[in-house]
Amino acid sequence: MANLKEIRNRISSVSSTMQITSAMKMVSAAKLKKAQDAITAMRPYSNKLTELLQTLSATLDADSGSKYSVNRDVKNVLIVSITSNRGLCGAFNSNIIKQTNVLINDVYANKNVSVLAIGKKANDAFAKQNRVIANKSEIFDDLTFNNVAAIAEMLMQKFVTGEFDKIELVYNNFKNAATQIVMTEQFLPIAPMEGELNVNADYIFEPSKNEIVEALIPKSLKTQLYKGIRDSFASEHGARMTAMHKATDNATELRDQLKLTYNKARQASITNEILEIVGGAEALNN
């Protein structure tokens, strides 16, 4: 009977876990809808702003470059690693940490690499390596454009002053609830445009193209960082919802297996008791 009691305790424990994971799945699903709507609404604006900036930049003279597009000899690199503040979201955080380590140990192996952590998981991982220059995990408590813009301005200042020669973003790009793609984007210096752009349209610029580009670049950089954090935020809830869905399914399967084991053990116990009673009765008759 002690064995039956142990199985009952395991069934109760698994059932409690299943209720928790099911509740977490529903909470993440509700948060995902809001985060997904936010990033979906933002992408057209971000893409159009980038397209406009590239179109204008392509028409400028070579000697009229921005201070944000200066290519220096890369010695000091800053990686902005964007994770979450909490776990229980599958490989969401570990994929970012793994990709950041690839950049540190392989891509920039001979460089002085520092990390700006956005998310407690990134801070916990890289603080042990003494690479974290700042921890901006509190951004998720109030994720607004203005709060992210303050971080972007700090990054731009560090690049302009020469503290860092290159800044990279590492984050999860939201595709759908089940799929998140690890992205590595060059934040600064501004990467040159890829492919051919149609710059033959006849535009009238007021003020000059140079002034427009100089005004658009900070706006574009702030939007790029905000989009990356928004992507990561939506990906986190998608990853957690998927992870909790799988955990609930696994808990359900384990509970059913334990119930089957319990019923078999209980049936065997009852059968043994009947046999003992029958055997005792036969012994008394003889």
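Heads up: these notes are all about the structure in this document.

What counts, and where the lines are drawn
Residues numbered from 1 in each chain as written. Predicted model: local features only at pLDDT ≥ 70, side-chain atom pairs only at ≥ 80, totals over all residues. Heavy atoms only, no water. Helix = DSSP H or I, 4+ residues; strand = E, 2+ residues; numbered from the N terminus. Buried < 20%, exposed > 50% of the residue type's maximum accessible area, 1.4 Å probe, protein only. Salt bridge = Lys/Arg side-chain N within 4 Å of Asp/Glu carboxyl O. Expected span 1.5 Å × (residues − 1). Bend = angle between axes of the 7 residues up to and from the residue. 1 Å grid on protein atoms, 1.4 Å probe; cavity = no way out; pocket = protein on both sides within 12 Å on 5 of 7 lines; lining within 4 Å. Points joined across faces, edges and corners; volume = space filled by probe spheres on them. Nonpolar A, V, L, I, M, F, W, Y, C, P; charged D, E, K, R; others polar. Core = buried A, V, L, I, M, F, W, Y, C linked by side-chain atoms within 4.5 Å. Contact = heavy atoms within 4.5 Å. Right-handed = clockwise from strand over helix to strand, strands pointing away. Pairing = 2+ DSSP bridges.

**Thoughts on unusual backbone geometry**
Turning to step 1, where the next piece is worked out: Leu188 connects to Pro189 through a cis peptide bond whose omega is -5°.
Turning to step 2, where the next piece is worked out: Phi at Asn130 takes a positive value of approximately 55°, unusual for a residue other than glycine.
Turning to step 3, where the next piece is worked out: As for its position among the elements, Asn130 is in the loop between α3 (120–127) and β3 (132–135).
Turning to step 4, where the next piece is worked out: The class of Asn130 is exposed, set by a relative accessible area of 73%.

**Quick word on the pattern of salt bridges**
Turning to step 1, where the next piece is worked out: One pass over the full model with this rule turns up 9 salt bridges.
Turning to step 2, where the next piece is worked out: Salt-bridge contacts for Lys222 lead to Glu153; the nearest nitrogen and oxygen are separated by 2.9 Å. Of this pair, Lys222 sits in helix α5 (residues 209–285) while Glu153 sits in helix α4 (residues 145–160), and the two are 69 residues apart along the sequence.
Turning to step 3, where the next piece is worked out: A salt bridge links Asp231 to Lys227, with the nearest nitrogen and oxygen atoms 3.4 Å apart. Taken together, the residues span about one helical turn, with Asp231 and Lys227 both in helix α5 at a distance of 4 residues.

**A closer look at α5**
Turning to step 1, where the next piece is worked out: The end-to-end C-alpha distance of α5, which contains 77 residues, comes to 111 Å, matching closely the 114 Å that a straight helix rising 1.5 Å per residue would cover.
Turning to step 2, where the next piece is worked out: In the structure, α5 departs most strongly from a straight axis at Leu216, where the bend amounts to approximately 25° and where the proline Pro218 lies between one and four residues downstream.

**Describing the layout of surface pockets**
Turning to step 1, where the next piece is worked out: If you add up the space inside the second largest pocket, you get close to 260 Å³.
Turning to step 2, where the next piece is worked out: Going through the elements one at a time, α1 (2–58) and α5 are the ones with two or more residues in the lining of the second largest pocket.
Turning to step 3, where the next piece is worked out: Classifying every residue of the lining of the second largest pocket gives 4 nonpolar, 2 polar and 5 charged.

**Side note on the nonpolar core**
Turning to step 1, where the next piece is worked out: Of all hydrophobic cores here, the largest spans 40 residues; its most connected members are Leu155, Ile167, Phe187 and Leu225.
Turning to step 2, where the next piece is worked out: Those elements that provide at least two residues to this core are α1, β1 (76–82), β2 (112–118), α4, β4 (166–176), β5 (179–188) and α5.
Turning to step 3, where the next piece is worked out: Looking at this core, the element that brings in the most residues is α5, giving 11 residues.
Turning to step 4, where the next piece is worked out: Beyond its immediate chain neighbours, meaning those up to four positions away, Phe187 contacts Ala152, Leu155, Ile167, Glu168, Leu169, Leu221, Gln224 and Leu225.
Turning to step 5, where the next piece is worked out: One finds Val77, Ile97, Tyr108 and Ala117 within the second-largest nonpolar core, a separate group that totals 13 residues.

**Concerning the pairing of β1**
Turning to step 1, where the next piece is worked out: Taking burial as the measure, the 7 residues of β1 include 6 buried ones, the bulk of the element.
Turning to step 2, where the next piece is worked out: Of the crossover connections in this fold, the one passing from β1 over helix α2 (residues 92–107) to the parallel β2 is right-handed.
Turning to step 3, where the next piece is worked out: Where β1 lies against β4, 5 bridges are found, and the strand directions are parallel. Within the sheet, the bridge partner assigned to Ser81 lies in β4 and is Val170.

That's the geometry; what it means functionally is another story.
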